[in-house]
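Each chain, written out:
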Amino acid sequence: MPHATGSLARRAGRMLRTSLFAQVLLALLLGVLVGRLWPQAGSALQPLGDGFVRLIKAVISPLVFCVVVAGITKAGDLKSFGRIGVKALIWFEVATSAALVVGLLAGNLVSPGAGMHIDPASLDKGAVDARTGGGKLPSAAQFILEALPNSAVGAFAENSLLQVLVLACLVGAALLHLGQKRVPQLLPLIEQTQDVVFTLVGYIMRLAPLAVFGATAHLVGQYGLGAMSTYGKLIAVCYGVALVFLVLLGLALKAVTGLSLWKFVRYTREELLLALGTGSSETVMPRMMQKLRAAGCRDDAVGLVLPTGYSFNLDGASIYLSVGTLFIAQAIGVHLSLGRQITVVLVLMLTSKGMAGVPGSAFLALSATASALGVIPAAAVALLLGVDRIMDSMRVVTNLLGNCVAVFAVSRWEGALDRVTAKQVLAGATPAGRAQQPAAPAPADREEPDGAAVAPGEK
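This write-up is about the structure you can find in this document. Owing to the predicted nature of the structure, the values given are computational and were not obtained by experimental measurement.

Looking at the overall build of the protein
Then, in step 1: Each helix and strand in the protein was counted, giving 22 helices and 0 strands.
Then, in step 2: Residues classed as buried in the protein amount to 54% of the 459 residues present.
Then, in step 3: With an accessible surface of roughly 19600 Å², the protein has 65% of that area assigned to carbon and sulfur atoms.

Spelled out as structure tokens, the structure:
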């Protein structure tokens, strides 16, 4: 028995040393414990999570630029890249519309706000303004204009992914036009820069458990667990709808590509747990790009579809907006007819596209929806202030998986998916002949004790 106990302890210790998943899970649990027992200390740990997010954001723009430029030049066909973009936008619109409709159906069936009898006059509109900074969502014309860079350096300095994508497309097109004979050294330099950035990501990822611990402790310490009981029904509905939507996404992925979403979740469990713990999908974008490329998706499809999805394919946010709108209406006793609910879908289809990177964007979108309906006071949006942060985990994971499914689906649609490699990688195997990406020897780059090969550095 002592020998068995010692062997178990050694295995657990080895797992903590080599498995990022185990490290992040332990950090998540410790963060909840510290935030619950010592709320003030937990609230003070927010800089740990914020610092990690800043480090990751520092490498996202150069990484996206390098991957997109290399992808265009390797594909050798700018028309193919354009088709990928158009097909991605079509997929995004269908997916977000489905998320909105599923959310409205669930909100009508469960009625999470029924029986609350809230007087809108008792709500503080200033609380919403404080959360959003008094800003507003950009109009369609402004959104398109802001996607165009007015400074090459500014696009990277402001970390504007859409502007970086536009620059990358222009540079990739220029390289294709000039050809390898006229710029023979530039493409290898871009690929080497890409390798350097991926190596930096490997170093930064070593701080992931610390970031998850700080972010979780701050969340629990700042907001407590009381909101879980006050808004329990709304939380259950949103998370339940997200689960149903992910099942539908899994069925769509299976029908389009023959791949399993559950196997992809296992393959990316470390990244999903990290995104959940930090409340940010941006923290795992570089790793997701690596893993999607390793799973048989062509570079140009990954480089274009995944970053673009961060602005145009917010499935989790769409679910939250549709359920939240019905919750507010039910809580203050306003009945929304079928016609008005259709208006909700149409308005949210527009406002959800301008949400990325806008502070308090969910409240701004809800306020815009309330104004369009004309029967919900803008102050009623304040009802969701107490639960908004708890919804981050649902939004982040659903958004992230929705974008990854989009990469697979569009890649298959465009003939840019190696399904044999994808099935092998998602099954835990390493396809023969696929070279390893130079990367820092981060714990997550090693093989898991259970034999499931993670190898995010594979190309």
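Observations concerning the environment of Gln194
Then, in step 1: Among the structural elements, Gln194 can be located in helix H10 (residues 186–204).
Then, in step 2: Along the primary structure Gln194 and Phe65 are separated by 129 residues, whereas in three dimensions their C-alpha atoms are 8.8 Å apart.

Things to note about a nonpolar patch on the surface
Then, in step 1: Together, Leu26, Leu30, Leu33, Leu37 and Trp38 make up a nonpolar patch on the protein surface, roughly 490 Å² of accessible area in all.
Then, in step 2: Along the chain, Leu26 turns up in helix H2 (residues 20–37).
Then, in step 3: In this structure Leu26 comes out as partly exposed when scored by relative accessible area, which is 38%.

Notes on helix H21 (residues 392–414)
Then, in step 1: Its 23 residues place the ends of H21 32 Å apart at the C-alpha level, agreeing with the 33 Å of an ideal helix rising 1.5 Å per residue.
Then, in step 2: Of all the 23 residues making up H21, 21 are buried; the element is thus mostly covered by neighbouring parts of the structure.

Some remarks on the packing of helix H5 (residues 78–110) against H21
Then, in step 1: The interhelical angle for the contact between H5 and H21, taken along N-to-C directions, is 130°, at an axis separation of 10 Å. By the angle class used here, H5 and H21 are oblique. By crossing handedness, the relation of H5 to H21 is classed as right-handed. Counted together, Ser80, Arg83, Ile84, Lys87, Ala88, Ile90, Trp91 and Phe92 of H5 and Asn403, Val405, Ala406, Ala409, Val410, Trp413 and Glu414 of H21 form the full contact between these two elements.
Then, in step 2: Split by residue class, the contact of H5 with H21 holds 10 nonpolar, 2 polar and 3 charged.

As for the pattern of salt bridges
Then, in step 1: In total, this model carries 8 salt bridges according to the counting rule given.
Then, in step 2: The salt bridge involving Arg293 is made with Asp299; its shortest N-O contact spans 3.1 Å. Here Arg293 and Asp299 have matching classes, each one buried.
Then, in step 3: Salt bridges here are not isolated pairs; linked through shared partners, they connect Glu270, Glu271, Arg287 and Lys291.

Considerations on the nonpolar core
Then, in step 1: By size, the foremost hydrophobic cluster in this structure holds 126 residues, and its most contacted members are Val64, Leu234, Phe264, Leu306 and Phe408.
Then, in step 2: Here Leu234 is in contact with Pro112, Val323, Phe327, Leu384, Val387 and Met391, once residues within four sequence places are set aside.

Some points on H2
Then, in step 1: The terminal C-alpha atoms of H2 lie 26 Å apart, and with 18 residues this matches the ideal 26 Å at 1.5 Å per residue to within 8%.
Then, in step 2: Of all the residues in H2, the buried ones are Leu20, Ala22, Gln23, Val24, Ala27, Leu28, Gly31, Val34 and Gly35.

Comments concerning the packing of helix H9 (residues 161–178) against helix H17 (residues 299–312)
Then, in step 1: The interhelical angle for the contact between H9 and H17, taken along N-to-C directions, is 150°, at an axis separation of 10 Å. The angle between the axes of H9 and H17 places the two elements in the roughly antiparallel class. Helix-helix and strand crossings are classified by hand; for H9 and H17 the assignment is left-handed. Counted together, Leu161, Leu162 and Leu165 of H9 and Gly303, Leu304, Pro307, Thr308, Ser311 and Phe312 of H17 form the full contact between these two elements.
Then, in step 2: In the contact of H9 with H17, the residues fall into 6 nonpolar, 3 polar and no charged.

Things to note about the packing of aromatic side chains
Then, in step 1: Applying the stated criterion to the full structure yields 3 aromatic pairs.
Then, in step 2: Judged by centre distance (5.6 Å) and plane angle (70°), the rings of Phe65 and Phe156 are edge-to-face. One end of the pair, Phe65, is in helix H4 (residues 46–75); the other, Phe156, is in helix H8 (residues 152–157), and 91 residues separate them in sequence.
Then, in step 3: Phe65 sits in the buried class, given a relative accessible area of 17%.
Then, in step 4: Ring centres of Phe264 and Phe408 lie 5.4 Å apart, and the angle between their planes is 90°; this geometry places the pair in the edge-to-face category. Of the two residues, Phe264 sits in helix H14 (residues 261–267) while Phe408 sits in helix H21, which places them 144 residues apart along the sequence.
Then, in step 5: Take Phe408: its relative accessible area is 1%, and that puts it in the buried class.
Then, in step 6: Geometry around Tyr320 places Arg395 over its ring, the cationic atom sitting 4.6 Å from the centre.

What about a positive patch on the surface?
Then, in step 1: A surface patch of like charges, here positive, comprises Lys254, Lys263, Arg412, Arg419 and Lys423.
Then, in step 2: Structurally, the position occupied by Lys254 is in helix H13 (residues 232–257).
Then, in step 3: Taking relative accessible area as the criterion, Lys254 reaches 48% and is therefore assigned partly exposed.

Each value, and the rule that gives it
Residues numbered from 1 in each chain as written. Predicted model: local features only at pLDDT ≥ 70, side-chain atom pairs only at ≥ 80, totals over all residues. Heavy atoms only, no water. Helix = DSSP H or I, 4+ residues; strand = E, 2+ residues; numbered from the N terminus. Buried < 20%, exposed > 50% of the residue type's maximum accessible area, 1.4 Å probe, protein only. Areas by Shrake-Rupley, 256 points an atom, 1.4 Å probe, with all protein chains shown as cover. Patch = residues over 30% accessible without salt bridge, like charges linked within 9 Å, V, L, I, M, F, W, Y side chains within 5 Å. Salt bridge = Lys/Arg side-chain N within 4 Å of Asp/Glu carboxyl O. Expected span 1.5 Å × (residues − 1). Axes fitted to C-alpha atoms, helices over the stretch in contact; angles between N-to-C directions. Parallel < 35°, antiparallel > 145°, perpendicular 65-115°, else oblique. Left-handed = near helix turned anticlockwise from the far one by under 90°. Contact = heavy atoms within 4.5 Å. Nonpolar A, V, L, I, M, F, W, Y, C, P; charged D, E, K, R; others polar. Core = buried A, V, L, I, M, F, W, Y, C linked by side-chain atoms within 4.5 Å. Phe/Tyr/Trp six-rings, centres within 6.5 Å; stacked < 30°, edge-to-face > 60°. Lys NZ or Arg CZ within 6 Å of the ring centre and 35° of its normal. Lys, Arg positive; Asp, Glu negative; His and termini not counted. Charge placed at Lys NZ, Arg CZ, Asp CG, Glu CD.

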